[in-house]
Amino acid sequence: MFLDAVLHRNPELVAFAAELHDSGAIPPDTYVMDLDAIESNAELLAREADRLGLSLWFVVKQIGRNPELIEAIARHIPRFAAIDPPEARILHAAGAQAGNLGHLVQIPSRALPEMLAWRPETVTVYDLANARAVSETATRLGFVQDVLIRLEGTAGAVYPGQEGGVRLGRAADGPERTDGRSGADVPDCADDLGESRAPDGAEGRCGSARGQTRGQSGPGSPGGPVDDRTGQDGTDGPEGADGPSGADGGPEGPDGLDAFVAEVERMPGVRVAGVTAFPCVLCDPDTGEPRPTANFALARAAVERLAARGYTDLKLSAPSATSMATLPLLARLGATHGEPGHALTGTTPLHAVDHAQPEQPAYVYVSEVAHTLADGRPALYGGGFYARGGAREALIPRTGARLRVEDAPAANIDYYRLLAPGDARVGDTAVLAFRTQIFVTRSSVAVVSGLSLGAPKLSGLYDPFGRPH
């Protein structure tokens, strides 16, 4: 998916990665990360977000929760969005500041005292039970915690395994639409915003409903004018998604955002700071073009609903596919926060088709020919082949051959990955570049520095959870 891009934009990385494997410095099934390029990408994103009045929370699950990379990114983007509690602990230990905890995975109640003591900027809550647990813990710790309300996504725009959140519900002055949107509050923006309908696939605090505020406000109202736009994932959308399931709050939960907020306003330890949803932006699988999803429109409507209740300086975090190409879109549609992940390594779907994007490709995957089948097909050592990665070709540096990567069922463990027959033999290094989520692999992660200075070196070798080998 990204082999052409990395060969064009960062050939030094490809060459040094092959050299590391040939010398035995790294094993097969290793992602090789260009520290210099990742830090440069973080600096680009931070500068552009600042120009647009946006705040960023960075995400690292896809690059293996690596402490060296976290430190480099945090020099430019200080705050993180942690996908789950284990990731939050790694980020915190590496010295980054907690921006948003609890999205995509809620914080278990027994972990709340530890994590709230870090004083995160926000905590995302999916239902009343989680909001109540955050309130009780914050009260015991002696402060009020800002929370983001996770909205239940629209039908066909939610990844399986990520269901949940608060329904927007019916507006006070309008009927509920049959498509699940509130007729009064949700803009019909599929045409106005260039909305993606694909069914497969920092700073600042907020005020209370009584108008109390502290800190700085965001860059505009989500109801403002529209002009133009990938965890955490940001590719071609939820594959086989059946849409949202369940009611917000469970059996005890109120029906709709207004009723939910009314209950939260009675909790002394939390303050509603804004909303989030996922995914808010997706890239067309063929062209890479980024577009807002229906979830983004839902979030804008929710912010308008909260503003009508008297809330000010609200946050709207619009994760998925945050990049240099999409930051202007986030600002124009009224988001206050983006959450760059794959942009840090120049590996959003847009980067695969447009090699002129500002972010530089910053990783490759290195394997080795383990054996050859009787029909001539080489088998690579596996372990890091992400099911939705789009691996298409493998470069054999010894011969220069580029061999097609054969498809493999996602349901099977990737002990090996077959290539089309070609000029490769047992022991040959293979270099690939495709989209990944390293935290769900069993790969090693090699961090290299000095490539930008012409003096590359291997600075560390880690497991997929950031622990050194």
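What comes next concerns the included structure. (Residues numbered from 1 in each chain as written. Predicted model: local features only at pLDDT ≥ 70, side-chain atom pairs only at ≥ 80, totals over all residues. Heavy atoms only, no water.)

Structural notes on the packing of helix α3 (residues 35–52) against helix α4 (residues 67–74)
As a reminder of what qualifies: Axes here refer to lines fitted to C-alpha atoms; in helices the fit is confined to the stretch in contact. Angles between the N-to-C directions go from 0 to 180 degrees. For helices the rule is a DSSP run of H or I covering at least 4 residues; for strands it is a run of E covering at least 2, with both sets numbered from the N terminus onward. Note on convention: near helix rotated counterclockwise from far helix by under a right angle means a left-handed crossing. Clockwise means right-handed. Any two residues whose heavy atoms approach within 4.5 Å are treated as being in contact. Each residue gets one label: Ala, Val, Leu, Ile, Met, Phe, Trp, Tyr, Cys and Pro are nonpolar, Asp, Glu, Lys and Arg are charged, and the others, such as Gly, are polar.
Viewed as axis vectors pointing N to C, α3 and α4 meet at an angle of 35°, and their least axial separation amounts to 8 Å. Regarding α3 and α4, the two cross each other, and that crossing is right-handed. Each of Leu-35, Ile-38, Glu-39 and Ala-42 in α3 lies in contact with α4, whose residues at this interface are Glu-68, Leu-69, Ala-72 and Ile-73. Counted by class, the contact of α3 with α4 contains six nonpolar, no polar and two charged residues.

Focus on the packing of helix α8 (residues 257–264) against helix α9 (residues 294–308)
Each pair of packed helices can be summarised by the angle the axes make with each other and by the distance between the axes. Note the threshold: Between 65 and 115 degrees an angle is taken as roughly perpendicular, under 35 as roughly parallel, over 145 as roughly antiparallel, and anywhere else as oblique.
The interhelical angle for the contact between α8 and α9, taken along N-to-C directions, is 50°, at an axis separation of 11 Å. One element, α8, and the other, α9, form an angle in the oblique class. Considering only the axes of α8 and α9, their crossing is right-handed. Residue-level inspection shows Leu-257, Asp-258 and Val-261 of α8 in contact with α9, the latter providing Ala-302, Arg-305 and Leu-306. Of the residues belonging to the contact of α8 with α9, the class tally is four nonpolar, no polar and two charged.

What to know about the side chain of Gln-106
As a reminder, the rule being used: Any N or O atom pair separated by 3.5 Å or less is treated as a polar contact, with the protein-specific requirement of one donor-capable and one acceptor-capable atom, and with residues adjacent in sequence counted only for side-chain atom pairs.
Relative to the assigned elements, Gln-106 resides in the loop between β4 (97–101) and α6 (112–116). Within polar-contact distance, the side chain of Gln-106 engages the backbone oxygen of Gly-102 at 3.0 Å. Side-chain polar atoms of Gln-106 contact the backbone nitrogen of Tyr-126, separated by 3.0 Å. Gln-106 has contacts with Pro-85, Thr-124, Val-125, Tyr-126 and Asn-130, leaving out every residue within four places of it along the chain.

Re the environment of Tyr-365
Structurally, the position occupied by Tyr-365 is in strand β12 (residues 363–372). Separated by 2.8 Å, the side chains of Tyr-365 and Asp-29 make a polar contact. Only 3.2 Å separates the side chain of Tyr-365 from the backbone nitrogen of Gly-384, close enough to count as a polar contact.

Digging into the layout of surface pockets
Our working rule: Cavity means a closed set of points on a 1 Å grid over the protein atoms alone, one where a 1.4 Å probe fits but cannot get out, pocket means an open set with protein on both sides within 12 Å along at least 5 of 7 lines, and lining means a residue has an atom within 4 Å of a point. Grid points are joined across faces, edges and corners, and a volume is the space filled by probe spheres set on the points.
Its boundaries defined by the atoms lining it, the largest pocket holds a volume of some 570 Å³. Lining the largest pocket we find 25 residues, and of these Phe-385, Ala-408, Pro-409, Asp-414 and Arg-417 sit closest to its centre. Residue contributions to the lining of the largest pocket peak at three residues, all from strand β16 (residues 416–418). Within the lining of the largest pocket, the residues separate by chemical class into 14 nonpolar, six polar and five charged.

Some remarks on the pattern of salt bridges
Spelled out, the test is: Every case where a carboxyl oxygen of Asp or Glu lies within 4 Å of a side-chain nitrogen of Lys or Arg is listed as a salt bridge. Partly exposed describes any residue whose relative accessible area lies between the buried limit of under 20% and the exposed limit of over 50%, with all areas from a 1.4 Å probe on protein chains only and scaled to the type maximum.
Taken as a whole and judged by the stated rule, the model has 23 salt bridges. For Arg-271, the salt bridge is made with Asp-146, and the minimal N-O distance between the two is 3.2 Å. For Arg-271, a relative accessible area of 16% gives the class buried.

Section: unusual backbone geometry
Backbone torsion omega between Phe-278 and Pro-279 reads -10°, so that peptide bond is classified as cis. Its identity is not glycine, yet Arg-119 carries a phi of approximately 60°, on the positive side. Note on placement: Arg-119 falls in the loop between α6 and β5 (122–125). On the accessibility criterion, Arg-119 (43% relative accessible area) is partly exposed. For Ala-321, which is not glycine, the phi dihedral falls at a positive 65°. Turning to its location among the elements, Ala-321 is positioned in the loop between β10 (315–317) and α10 (327–332).

Notes on empty space enclosed by the protein
In this structure, the largest cavity spans a volume of roughly 40 Å³. In this structure, the largest cavity is lined by Gln-106, Ile-107, Leu-112, Val-123, Thr-124, Val-125, Asn-130, Ala-133 and Val-134. Elements with a minimum of two residues in the lining of the largest cavity: β5 and α7 (128–141). Partitioning the lining of the largest cavity into residue classes produces six nonpolar, three polar and no charged. Its boundaries defined by the atoms lining it, the second largest cavity holds a volume of some 30 Å³. Lining the second largest cavity, in full, are Ala-82, Ile-83, Asp-84, Pro-85, Ala-88, Leu-101, Gly-102, Val-105, Ile-107 and Met-115. Here the lining of the second largest cavity is built from residues that sort into eight nonpolar, one polar and one charged.

Focus on the environment of Val-353
For Val-353, the location among the structural elements is in helix α11 (residues 349–353). In the structure, Val-353 is positioned 67 residues away from Asp-286 in sequence and 8.6 Å away in space, judged by C-alpha atoms.

Here we look at the pairing of β4
Here is the rule: Note on pairing: two strands pair once DSSP finds at least 2 bridges between them.
Along β4, four of the five residues are buried, which leaves the element largely enclosed by surrounding structure. When strand β3 (residues 79–81) meets β4, the two strands line up parallel, connected through three bridges. If you follow Phe-80 over to β4, its bridge partner there is Ala-98. Inspection of the sheet shows β4 paired to β5 by two bridges, in the parallel sense. Within the sheet, the bridge partner assigned to Leu-101 lies in β5 and is Val-123.

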